[in-house]
There are 2 protein chains.
Amino acid sequence: MMRFEVSILGCNAALPTYKSFTSSQFLNIREHYCLIDCGEGCQIAVQRYQVKAFQIKDIFISHLHGDHVLGLMGLLMSFGLNQRKKKLRLYGPKGIREWVEVQMRLMNAHLSYPLEIRECDSEQSELLLDTPSFQVFSLPLAHRLACQGFLFKEKPAHPNMRKDRILELDIPFRQIPAIKAGGGFTDAEGKFWPHEELCTPPPPPRTYAYCSDTAFHPPLAELIRGVDLLYHEATFLHELLKNAKKTGHSTAKQAGEMAKLAQVKKLLIGHFSTRYQDTKALLEEAQSEFAQTAAAEEGKTYSV
Amino acid sequence: MMRFEVSILGCNAALPTYKSFTSSQFLNIREHYCLIDCGEGCQIAVQRYQVKAFQIKDIFISHLHGDHVLGLMGLLMSFGLNQRKKKLRLYGPKGIREWVEVQMRLMNAHLSYPLEIRECDSEQSELLLDTPSFQVFSLPLAHRLACQGFLFKEKPAHPNMRKDRILELDIPFRQIPAIKAGGGFTDAEGKFWPHEELCTPPPPPRTYAYCSDTAFHPPLAELIRGVDLLYHEATFLHELLKNAKKTGHSTAKQAGEMAKLAQVKKLLIGHFSTRYQDTKALLEEAQSEFAQTAAAEEGKTYSV
């Protein structure tokens, strides 16, 4: 099966430390490489974790808080210093264009590659990217300023032709596309073989939702219903619900509740406050609501 | 003697790596703490090297290239998240105010402390900071865009009163300030003791010059003549003089030449291109021009 996996480059909230970085994820969706958020030091993290950063085609920025965007200019500049030529697309909230253009002007910098910037609506879900094999939608979130998550959705694949049938029935190569598209086949003896006996069904399309930063936000559930993997922020333990509400964040319990509400398959929590030395208590709290939960670990790769 | 020392938080040119950061220095001048330049990840470096970052009073930014300024917003924000209250002064080239203010506005951020921004002229040396014990001047440099170095200059200290004379001659406490200021003393037997026999001379004022980034720039020599420690960039080996000229940088040989020309006491080279695995060849080249040269090492502290 084609790869669809996410590597955590950083999952700290607010502040990087000398051991761990702020929000950033490297997504490999069928060998198309994307970056989600870009906290300070991201260009260092991509070296440390040896991801194929130079081949990133699309960068998705959730919002303009420092722990999600302060590594962006460094990464864009380092692509330039390494003489990148391929186009790069950048998606972010309103203001991302000014963010990039003002700094470029003040640095008197010129990139070696085309940079295409798209500002998202942040108030409603939009189709941002449509490739032959997957789509990306924005997910409006409830934070202190314009913020959206992202939904990565594979398109249904074609069924797989059964190799044993090709040999057994001597099916001509030119007829295979029509069979994969749903057709049957009549063999030399006049017997008709329906599609279902010639093909195996494709694997179901996989989906990944990135939701950070956000308060507990029930309308989100509809947009991410049944996703294979949900990354949801869990900045605080529920005993700090007051802090979470005040700052537009979620507790680990609320992340679990969202996973349950949206009937997702697996939950990955992250964006941990640096007040927590480890993620044990946060994980247990989320698992009390939703058993299929893991706590994001920097440098680790998760299959969708 | 009061401390006057500089800690290297990063001395890479252009790009940070997972082992080393771009330009940033923490300066302790008589327990007054300053930061010089602030490359990406500086807030991580100050944790790694455990300097008293929270007590920094003044930040000096040489120019608006990413490897000197991309850590600034993160550091300013982290001071805010840690509820700093004390005023912070920021000095930089024209444009530094817009750099900070646009990002603050787009992040919808409000600092918990007063931030005072001063834009330097960059074309002529100016007095930027005048405290009772030291002064800071800007040093116009020759780079691709507005750029200045900084000269940190202790003020002459008062002579030290000799304790043996105080006891021997029974000098009243109230007369000591006048003696330290140059006066003498007549003892109980009517004998006059001149100033020189009552005091030891103060240590000579110390000076530190930070010069990065710059091409070899002869007019600089007059402004830094005889400094105790010169930090001068040495991005390339001299075999890449063409690259140095094209990009407004210096070779290690040129850094040595500047130290010789300006008759400084010690030279510290830095801002090394990441193409060099180690600094051995750069150091040897600079030393061939100026023997009292060291190559900056990240995490190391140098006395002025």
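Going by an unreviewed UniProt entry, chain A carries the name Ribonuclease Z and comes from Saprospira grandis. The record held by UniProt for chain A lists under Subunit (unreviewed entry) the comment "Homodimer." UniProt's Sequence similarities (unreviewed entry) comment on chain A is quoted here verbatim: "Belongs to the RNase Z family."

*Asks:* Account for helix α3 (residues 72-81) of chain A, with residues named and values stated.
*Replies:* Of all ten residues that make up α3 of chain A, eight are buried, and the element is covered over most of its length. Among all positions of α3 of chain A, only Leu-72, Met-73, Gly-74, Leu-75, Leu-76, Ser-78, Phe-79 and Gly-80 of chain A are buried.

*Asks:* I'd like a description of the pattern of salt bridges, backed by residues and values.
*Replies:* According to the stated counting rule, one finds 37 salt bridges over all chains in the structure shown. Within this structure, Lys-253, Glu-257, Lys-260 and Glu-289 of chain A form a network of salt bridges that share partners.

*Asks:* Got a sec to walk through the side chain of Gln-254 of chain B? Specific residues and values, please.
*Replies:* Residues and elements named next belong to chain B. Relative to the elements of secondary structure, Gln-254 occurs in helix α10 (residues 252-261). Gln-254 sits in the buried class, given a relative accessible area of 10%. Ignoring anything within four residues of it in the chain, the contact list for Gln-254 reads Phe-216, His-238, Leu-241 and His-249.

*Asks:* Kindly report on the UniProt feature "binding site: Zn(2+) 2" (unreviewed entry) in chain A, identifying the contributing residues and their values.
*Replies:* Residues and elements named next belong to chain A. Those residues carrying the UniProt feature "binding site: Zn(2+) 2" (unreviewed entry) are Asp-67, His-68, Asp-213 and His-271 in this numbering. A maximum C-alpha distance of 10.3 Å is found for the annotated residues, which run over 205 residues; spatially they form one tight group. Checked against the element boundaries, Asp-67 lands in helix α2 (residues 66-69). For Asp-67, the contacting residues outside a window of four places in its chain are Ala-13, Ala-14, Thr-22, Ser-23, Gly-39, Asp-213 and His-271. The class of His-271 is buried, set by a relative accessible area of 1%. At 3.2 Å, the side chain of His-271 and the side chain of Asp-67 are in polar contact.

Scoring rules and cut-offs
- Residues numbered from 1 in each chain as written.
- Chains lettered and ligands numbered in written order.
- Predicted model: local features only at pLDDT ≥ 70, side-chain atom pairs only at ≥ 80, totals over all residues.
- Heavy atoms only, no water.
- UniProt positions renumbered as here; feature names shortened; annotations may be inferred.
- Buried < 20%, exposed > 50% of the residue type's maximum accessible area, 1.4 Å probe, protein only.
- Helix = DSSP H or I, 4+ residues; strand = E, 2+ residues; numbered from the N terminus.
- Salt bridge = Lys/Arg side-chain N within 4 Å of Asp/Glu carboxyl O.
- Contact = heavy atoms within 4.5 Å.
- Polar contact = N/O pair within 3.5 Å; in protein donor to acceptor, adjacent residues only side chain to side chain.

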